[in-house]
Amino acid sequence: MTNAAPAATPGLISDPVHAQRRILRVLVASQILSGAGLAAGVTVGALLAQDMLGTTSLAGLPSALFTAGSALTAVTVGRISQARGRRPGLAAGYLTGAAGSAGVITAAVLDNPVLLFLALFVYGAGTATNLQARYAGADLAPPGHRARAVSTVLVATTLGGVAGPNLAAPAGTLAESLGIPHLAGLFVISGAAYALAALVLALWLRPDPLLLARTVAQDKESDLAANPAAADTADTSESRGGVTLGALVMILTQLVMVAIMTMTPVHMHDHGHSTAASGLVIGIHIGAMYLPSPLTGWLVDRYGRMKIAAASGATLLAAGILAAAAPSGSVALLALALALLGLGWNFGLVSGTSIITDTVPLATRAKTQGLVDVSIAIAGATGGMASGIMVAATSYPTLALTGGILSLALLPAVAATAYHR
């Protein structure tokens, strides 16, 4: 990839600390908006497909499609960011997500399942971009504060992410007044939210965090060349192992989280719960995915990436057991299980992201991060697709328990890496 990216604003190069504060504020604003965009696919995507197709066995397909779409977007946003900076990469990703939302609305109006599935694939761009934004928060952060910078970006998603699912009922009423099917109402909000997030980034994410980080690194290299005795001997031998472990942590947490999350609204719907009840449970889940981020970031920086990665596996196991044991009529217990599911995912994402950022050099950082997020998205697509098939063949409790047990694979991986460090 070419490195002929535009230079960072010269006036801010001398003060990366000030630039980091501004960058985090802009990222927070965009994440609040994009968080609302995430809600539609999670809350009503499966229900929309079930309504069109008349079967539960393919209810996991929407989740699989928009996570597969996020895989393509992750590598594309990563490559654009590597070549041109975070601002154009993230803005393009959100605009694509907005276009996908418009496609879903059109498919619902036309009652066209093929168009629905194609649009959901494109809609997945918003999910991938929302996650990629966390890397932008860490570009200029010092090593001891990277997890907290990542967590600041993630927690901003909470406001939109929690509000979005709970707008399902009023959004549906609004949609019907416009001649749009009730279930497609949230995608109206999603499209507007993603478009506004793209606008915020395009206008105000200046200086570009990745480009400025490169400039700062080049300045440091020049200083070290003039004074070799002050060189910081970076350990690059652990880079490959760090990327592998960070990716594994995030892949497993994504697989388990998406599988259980995707089928929870369907499970509730099949047992007589309303869309509002499903929206409440998913809202609590999304809140637990992002709201604990500041605490998680502090824990990762304070106690280390490995311990919090291990805690992720244990928390996901507890979530799976509780979801499997919860009576189908208990909204409270399902909400608690989904809250634990979100918390376990948060532990895995923040610790895994920190591991990746710590071990990948700036020269290839954005491209590598994009490739890692492709693996995460594929894992999510696999979980989404398999979840519907598994529930149709067995039951929701079996799916939840299997996911919890699978998450335990994190523990030996973390233990082995810690032993070899």
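Structure shown above.
Residues numbered from 1 in each chain as written. Predicted model: local features only at pLDDT ≥ 70, side-chain atom pairs only at ≥ 80, totals over all residues. Heavy atoms only, no water.

> What is the right way to read the overall build of the protein chain from this model?
On a plain count of helices and strands, the protein chain comes out with 17 helices and zero strands. Relative to its full complement of 421 residues, the protein chain shows a buried share of 57%. Sequence separation of at least 24 residues holds for 86% of the intrachain contacts in the protein chain that already meet a minimum separation of 6. Taken as a whole, the protein chain presents about 15,700 Å² of accessible surface, with 68% of it coming from carbon and sulfur. (Helix = DSSP H or I, 4+ residues; strand = E, 2+ residues; numbered from the N terminus. Buried < 20%, exposed > 50% of the residue type's maximum accessible area, 1.4 Å probe, protein only. Contact = heavy atoms within 4.5 Å. Areas by Shrake-Rupley, 256 points an atom, 1.4 Å probe, with all protein chains shown as cover.)

> I keep staring at empty space enclosed by the protein and nothing clicks. Help me out?
Over the atoms, a rolling probe the size of a water molecule traces out where space has been left empty. Scanning the model with the defined rule gives three cavities of 30 Å³ or more in all. When its volume is computed, the second largest cavity comes out at roughly 70 Å³. Among the secondary structure elements, those contributing two or more residues to the lining of the second largest cavity are helix H3 (61–84), helix H5 (113–138) and helix H15 (365–393). Classifying every residue of the lining of the second largest cavity gives five nonpolar, three polar and one charged. (1 Å grid on protein atoms, 1.4 Å probe; cavity = no way out; pocket = protein on both sides within 12 Å on 5 of 7 lines; lining within 4 Å. Points joined across faces, edges and corners; volume = space filled by probe spheres on them. Nonpolar A, V, L, I, M, F, W, Y, C, P; charged D, E, K, R; others polar.)

> Looking at this structure, how should I read helix H11 (residues 275–290)?
Think of an α-helix as turning once every 3.6 residues; residues three or four places apart then point the same way. With 16 residues, H11 extends 22 Å from end C-alpha to end C-alpha; this agrees with the ideal 22 Å at 1.5 Å per step. Burial of H11 is extensive: 12 of the 16 residues sit out of reach of the surface. (Expected span 1.5 Å × (residues − 1).)

> I keep staring at a nonpolar patch on the surface and nothing clicks. Help me out?
Where nonpolar side chains cluster on the molecular surface, the patch consists of Ile321, Leu401, Ile405, Leu408 and Leu411 and spans about 390 Å² of accessible area. You can see leucine 408 is positioned in the loop between helix H16 (396–406) and helix H17 (410–420). Owing to a relative accessible area of 32%, leucine 408 belongs among the partly exposed residues under this scheme. (Patch = residues over 30% accessible without salt bridge, like charges linked within 9 Å, V, L, I, M, F, W, Y side chains within 5 Å. Salt bridge = Lys/Arg side-chain N within 4 Å of Asp/Glu carboxyl O.)

> What exactly am I supposed to notice about the packing of H5 against helix H8 (residues 185–204) here?
Two quantities define a packed helix pair, namely the angle between the axes and the distance from one axis to the other. Across the interface, H5 lies against H8 with an axial gap of 11 Å and an inter-helix angle of 50°. Comparing their axes, H8 and H5 come out oblique. For H5 against H8, the interelement crossing comes out left-handed. For the pair H5 and H8, the contacting residues are Leu120, Tyr123, Gly126 and Thr127 in the first and Phe187, Ser190 and Tyr194 in the second. By residue class, the composition of the contact of H5 with H8 is four nonpolar, three polar and no charged. (Axes fitted to C-alpha atoms, helices over the stretch in contact; angles between N-to-C directions. Parallel < 35°, antiparallel > 145°, perpendicular 65-115°, else oblique. Left-handed = near helix turned anticlockwise from the far one by under 90°.)

> What should I look at first to understand the packing of helix H4 (residues 86–110) against H8 in this one?
Between H4 and H8, the least distance of the axes is 8 Å, while the angle of their chain directions is 165°. Here H4 lies roughly antiparallel to H8, going by the angle between them. The two elements H4 and H8 meet at a crossing, and its hand is left-handed. Two secondary-structure elements touch here, H4 through Arg87, Leu90, Ala91, Tyr94, Leu95, Gly97, Ala98, Ser101, Val104 and Ile105 and H8 through Phe187, Val188, Ser190, Gly191, Tyr194, Ala195, Ala197, Ala198, Leu201 and Ala202.

> How do you make sense of the nonpolar core when you look at a structure like this?
By size, the foremost hydrophobic cluster in this structure holds 103 residues, and its most contacted members are Leu27, Leu90, Leu116, Leu120, Phe187, Leu341 and Val372. Sorting elements by how many residues they give to this core places helix H2 (residues 16–53) first, with 13 residues. Once residues within four sequence positions are removed from consideration, leucine 341 is found in contact with Val256, Met257, Ile260, Met261, His285, Leu316 and Ala319. One finds Leu252, Met306, Ile355 and Leu410 within the second-largest nonpolar core, a separate group that totals nine residues. (Core = buried A, V, L, I, M, F, W, Y, C linked by side-chain atoms within 4.5 Å.)

> Looking at this model, I keep getting lost on the side chain of serine 278. Mind explaining?
Checked against the element boundaries, serine 278 lands in helix H11. On the basis of relative accessible area, serine 278 is assigned to the buried category, the value being 3%. Among residues more than four places away in sequence, those in contact with serine 278 are Pro265 and Met268.

> Can you help me understand the packing of aromatic side chains in this one?
To describe a pair of aromatic rings, one takes the distance between the centres and the angle between the planes. For the structure shown, the criterion picks out five aromatic pairs. When the ring of tyrosine 123 is compared with that of phenylalanine 187, the centres are 5.3 Å apart and the planes differ by 70°; the resulting orientation is edge-to-face. In this pair, tyrosine 123 is assigned in helix H5 and phenylalanine 187 in helix H8, connecting sequence segments 64 residues apart. This pair shows no difference in class: tyrosine 123 is buried, exactly as phenylalanine 187 is. Taken together, a centroid distance of 6.0 Å and an interplanar angle of 85° make the contact between tryptophan 298 and tyrosine 303 edge-to-face. For tryptophan 298, a relative accessible area of 39% gives the class partly exposed. Arginine 134 extends its terminal NZ or CZ atom over the ring of tyrosine 135, reaching a point 4.1 Å from the ring centre. (Phe/Tyr/Trp six-rings, centres within 6.5 Å; stacked < 30°, edge-to-face > 60°. Lys NZ or Arg CZ within 6 Å of the ring centre and 35° of its normal.)

> What's the story with the environment of glycine 283 in this structure? I'm lost.
Topologically, glycine 283 is positioned in helix H11. Each C-alpha atom of the pair glycine 283 and leucine 159 lies 9.9 Å from the other, and the pair is 124 residues apart in sequence.

> Where do I start with the environment of glycine 246 in this structure?
Along the chain, glycine 246 turns up in helix H10 (residues 239–270). Exposure remark for glycine 246: the relative accessible area of 0% places this residue in the buried category. Sequence spacing of glycine 246 and glycine 352 is 106 residues, and the spatial spacing of their C-alpha atoms is 4.1 Å. Here glycine 246 is in contact with Gly352, Ile355 and Ile356, once residues within four sequence places are set aside.

> Honestly, unusual backbone geometry in this entry has me stumped. Any pointers?
Negative phi values dominate among residues other than glycine, just as trans dominates among peptide bonds. Residue proline 207 follows arginine 206 across a cis peptide bond; omega there is 0°. Mapped onto the elements of the fold, proline 207 is located in the loop between H8 and helix H9 (209–226). Residue aspartate 111 is not a glycine yet carries a positive backbone phi of 55°. For aspartate 111, the location among the structural elements is in the loop between H4 and H5. Residue aspartate 111 is classed as exposed on the basis of its relative accessible area, which comes to 52%.

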